[in-house]
Amino acid sequence: MGLGVGWTLHGDGRTPAPGAVVKPDERLSWPRTVGLGAQHVVAMFGASFVAPVLMGLDPNLAIMMSGVATVLFLLATRGRIPSYLGCSLSFVGVAAAIRAQGGGSAAVTGAILVVGGVLLLSGLAVRTFGARIIHAAMPPVVTGAVVMLIGFNLAPVTAGTYWPADQWTALLTMLLTGAAVVCLRGFWSRIAIFLGLVFGYAVSWVFDRVFGKIHSIDGSGRVTDHWRLDLSGVAKADWIGLPSLHGPTFHWSAVLVALPVVIALIAENAGHVKAVGEMIGDPLDDQLGTAIAADGAATMISTSVGGPANTTYSENIGVMAATRVYSTAAYWAAAGFALLFGLCPKFGAVVAAVPGGVLGGITVILYGMIGLLGAQIWVHNKVDLRNPLNLVPVAAGVIIGVGGVSLKIGHNFELGGIALGTIVVLLGYHVLRALAPAHLKQQEPLLDAGTSGYDNERPA
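The structure reproduced in this document is the subject of the present report. All of these numbers come straight from a predicted model, not from anything done at the bench. (Residues numbered from 1 in each chain as written. Predicted model: local features only at pLDDT ≥ 70, side-chain atom pairs only at ≥ 80, totals over all residues. Heavy atoms only, no water.)

Some points on the overall build of the protein
- Counting its regular elements, the protein contains 20 helices and eight strands.
- Element-wise, carbon and sulfur atoms account for 66% of the exposed surface of the protein, whose accessible area totals about 20,400 Å². (Helix = DSSP H or I, 4+ residues; strand = E, 2+ residues; numbered from the N terminus. Areas by Shrake-Rupley, 256 points an atom, 1.4 Å probe, with all protein chains shown as cover.)

Dropping the structure here:
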């Protein structure tokens, strides 16, 4: 298959036959393939432009680098894994923590670049030793806890920054987004975040004209009278131009805050590769290490010029499941569209103008969903939290991560939040497992069942 850029035409090139799928090395007619690529762009669009906005990075550059990352991923995996690499939301809390420490965009991207390097090395290790090293170092109880604290650590950002900007717009946006996620079907449910943003834009515009300026926190963090939706920057922006670039800077304090996200990214990549393999009927275990390494390399390239991290997107996996088209040709088309969007500064100005209240409504749901993915990992892998070996490190690590507990080491060094919580979960689990008696390692329910047995009870 070479570099994975040679596709055979599937059937008549129009639609898959009943029960058939368009495999990665096949394609439909080029007009349909380009149309599917545009659909993939729309699917990834919501999260991919929310992520850089929340991190304080250039959304134009983020979208453009997502196209570059996707091309790199398709080449590295030789077209065997159809996937889009969009902007990762896992680093939103990291960016907020680094900026709270006084770091700027360069410090944020520098820390994420180091994480990309670690992810690249992890992928190479998986290629060499097999996927078993992931399960040994990061069992589901650890992975779930880290994903959970990464998501829930973001709660103060929503409560203290976005929601107070316009509480009523935030509330309406939250309700609409939640309804879209639950009530819509198929493709529309997968772009629910995007629909919520569009709705929030419209509400902010209407409120400005009905109620005038609002007295609240503005984009600079000051309490002033300002318009909810300020599009003045859009008129000044050019239609065509390069996004703003900047180099990274490296600070140990920022790097330590970002490193725990490696665990979440490895788990995310592994889950997505497995899901795609099951859908196309081609076990891709031999490609897991390559996929992780490609994600790491793409992240390093993106952050080296000022962009965010990139990761495989479940939104696009959902589009494939709905259309039964797994052609990598569609992803090449999607990458092309992303590159074009990145070269339109006016588009970036529209994205940058997202009102704070809209972000408040979106992030209430989005951050909670990220955190609850950790619980989903536990449920899927049947992690028993009645076993003290699982319960103790998870309980301590999650509270440290969510509550922002810190540990000062000397005068100039401090661990806290996500970094400290992850260390407690990861090292705590393995150290306790090494010290624990044999019967605790059997993963049986060992604590008093308490109320956990209510399902077996029946009313008299």
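Having put the structure on the table, let's press on.
Some remarks on a nonpolar patch on the surface
- Together, Trp205, Val206, Val210 and Phe211 give the surface a local cluster of nonpolar side chains, amounting to about 420 Å² of exposed area.
- Looking at where valine 206 falls in the secondary structure, it is placed in helix 10 (residues 192–211).
- Exposure remark for valine 206: the relative accessible area of 38% places this residue in the partly exposed category. (Patch = residues over 30% accessible without salt bridge, like charges linked within 9 Å, V, L, I, M, F, W, Y side chains within 5 Å. Salt bridge = Lys/Arg side-chain N within 4 Å of Asp/Glu carboxyl O. Buried < 20%, exposed > 50% of the residue type's maximum accessible area, 1.4 Å probe, protein only.)

Overview of the nonpolar core
- In this structure, Leu54, Met55, Phe91, Val94, Ile98 and Tyr367 are the most contacted members of the largest nonpolar core, which totals 94 residues.
- Considering each element in turn, this core owes the most residues, nine residues, to helix 13 (residues 261–280).
- Taken domain by domain, the makeup of this core includes at least three residues from each of domain 1 (22–212 + 231–377) and domain 2 (383–434).
- Ignoring any residue separated from it by four or fewer positions in sequence, one finds tyrosine 367 in contact with Leu54, Val92, Gly151, Phe152, Leu154, Val157, Thr158 and Tyr162.
- One finds Val22, Leu36, Val325 and Ala330 within the second-largest nonpolar core, a separate group that totals five residues. (Core = buried A, V, L, I, M, F, W, Y, C linked by side-chain atoms within 4.5 Å. Domains from an automatic or database assignment. Contact = heavy atoms within 4.5 Å.)

A few points about the side chain of asparagine 310
- Take asparagine 310: it is sitting in strand 6 (residues 310–312).
- Judged by relative accessible area, asparagine 310 falls into the buried class, the value being 0%.
- Setting aside anything within four residues of it in sequence, one finds asparagine 310 in contact with Met65, Ser66, Ala69, Leu85, Gly86, Cys87, Ser88, Asp295, Ala298, Thr299 and Ser302.

So, the packing of helix 6 (residues 140–152) against helix 13
- It is the contact of helix 6 with helix 13, at a shortest axis distance of 9 Å, that shows an interaxial angle of 115 degrees. The orientation of helix 6 with respect to helix 13, classified from their angle, is roughly perpendicular. Relative to helix 13, the crossing made by helix 6 is left-handed. Residues Thr143, Val146, Val147 and Ile150 of helix 6 form the contact with helix 13, whose participating residues are Val261, Ile263, Ala264 and Ala267.
- Each residue belonging to the contact of helix 6 with helix 13 can be placed in one class, and the counts come to seven nonpolar, one polar and no charged. (Axes fitted to C-alpha atoms, helices over the stretch in contact; angles between N-to-C directions. Parallel < 35°, antiparallel > 145°, perpendicular 65-115°, else oblique. Left-handed = near helix turned anticlockwise from the far one by under 90°. Nonpolar A, V, L, I, M, F, W, Y, C, P; charged D, E, K, R; others polar.)

Observations concerning helix 10
- Over its 20 residues, helix 10 runs 27 Å from end to end, which matches the ideal 28 Å to within 8%, given 1.5 Å per residue.
- Of all the residues in helix 10, the buried ones are Ala192, Ile193, Gly196, Leu197, Gly200, Tyr201, Val203, Ser204, Phe207 and Asp208. (Expected span 1.5 Å × (residues − 1).)

Some remarks on unusual backbone geometry
- With a phi close to 55 degrees, arginine 78 is a non-glycine residue in the positive phi region.
- Tracing the backbone shows arginine 78 in the loop between helix 2 (59–76) and strand 3 (85–87).
- Within the chain, lysine 382 stands out as a residue other than glycine whose phi angle is a positive 55 degrees.
- Examined against the element boundaries, lysine 382 turns out to sit in the loop between helix 18 (356–380) and helix 19 (388–403).

What to know about the environment of arginine 228
- Along the polypeptide, arginine 228 turns up in the loop between strand 5 (223–226) and helix 11 (232–236).
- Along the sequence, arginine 228 and valine 354 sit 126 residues apart, while their C-alpha atoms lie 8.9 Å from each other.
- Among all residues touching arginine 228, those that are not within four sequence positions of it are Asp166, Thr169, Ser204, Phe207, Asp208, Phe211, Gly212, Lys213, Ile214 and Pro355.
- Within the structure, arginine 228 has its side chain in polar contact with the backbone oxygen of glycine 212 (distance 2.7 Å). (Polar contact = N/O pair within 3.5 Å; in protein donor to acceptor, adjacent residues only side chain to side chain.)

Concerning the environment of proline 283
- Turning to its location among the elements, proline 283 is positioned in the loop between helix 13 and helix 14 (288–304).
- Residue classification places proline 283 among the exposed positions, given a relative accessible area of 62%.
- As for proline 283 and valine 273, which are separated by ten residues in sequence, their C-alpha atoms are 9.0 Å apart.
- Ignoring any residue separated from it by four or fewer positions in sequence, one finds proline 283 in contact with Arg80 and Gly277.

Some thoughts on the pattern of salt bridges
- For the structure on display, the rule yields four salt bridges.
- The partner of aspartate 166 in a salt bridge is arginine 228, with the nearest N and O atoms 3.1 Å apart. One end of the pair, aspartate 166, is in the loop between helix 7 (155–162) and helix 8 (167–183); the other, arginine 228, is in the loop between strand 5 and helix 11, and 62 residues separate them in sequence.
- Here aspartate 166 falls in the buried class, since its relative accessible area comes to 6%.
- A residue is classified by how much of its surface remains accessible, and arginine 228, at 12% relative accessible area, is buried.
- Connected via shared salt-bridge partners are Asp166, Asp208 and Arg228.

Things to note about the packing of helix 3 (residues 92–100) against helix 4 (residues 105–129)
- At a minimum axis distance of 9 Å, the contact between helix 3 and helix 4 shows a crossing angle of 135 degrees. Comparing their axes, helix 4 and helix 3 come out oblique. Here the hand of the crossing between helix 3 and helix 4 comes out right-handed. Here Ala95, Ile98 and Arg99 of helix 3 lie close against helix 4, whose contacting residues are Ser105, Ala107, Val108 and Ala111.

Points about the packing of aromatic side chains
- Counted according to the given criterion, the structure contains two aromatic pairs.
- Judged by centre distance (5.3 Å) and plane angle (80 degrees), the rings of phenylalanine 207 and phenylalanine 211 are edge-to-face. Of this pair, phenylalanine 207 and phenylalanine 211 both sit in helix 10, four residues apart, which is roughly one turn of the helix.
- One residue, lysine 346, lies across the ring of tryptophan 239, its end atom 5.1 Å from the ring centre. (Phe/Tyr/Trp six-rings, centres within 6.5 Å; stacked < 30°, edge-to-face > 60°. Lys NZ or Arg CZ within 6 Å of the ring centre and 35° of its normal.)

Details of helix 4
- Taking 1.5 Å of rise per residue, 25 residues should cover 36 Å, and helix 4 covers 36 Å from first to last C-alpha, within 8% of that figure.
- Of the residues trailing helix 4, glycine 130 is marked for its positive phi of about 95 degrees.

Structural notes on the environment of tryptophan 205
- Structurally, tryptophan 205 is set in helix 10.
- Under the relative-accessibility criterion, tryptophan 205 is labelled partly exposed at 44%.
- Taking C-alpha positions, tryptophan 205 is 8.9 Å from tryptophan 227, a pair spaced 22 residues apart along the chain.

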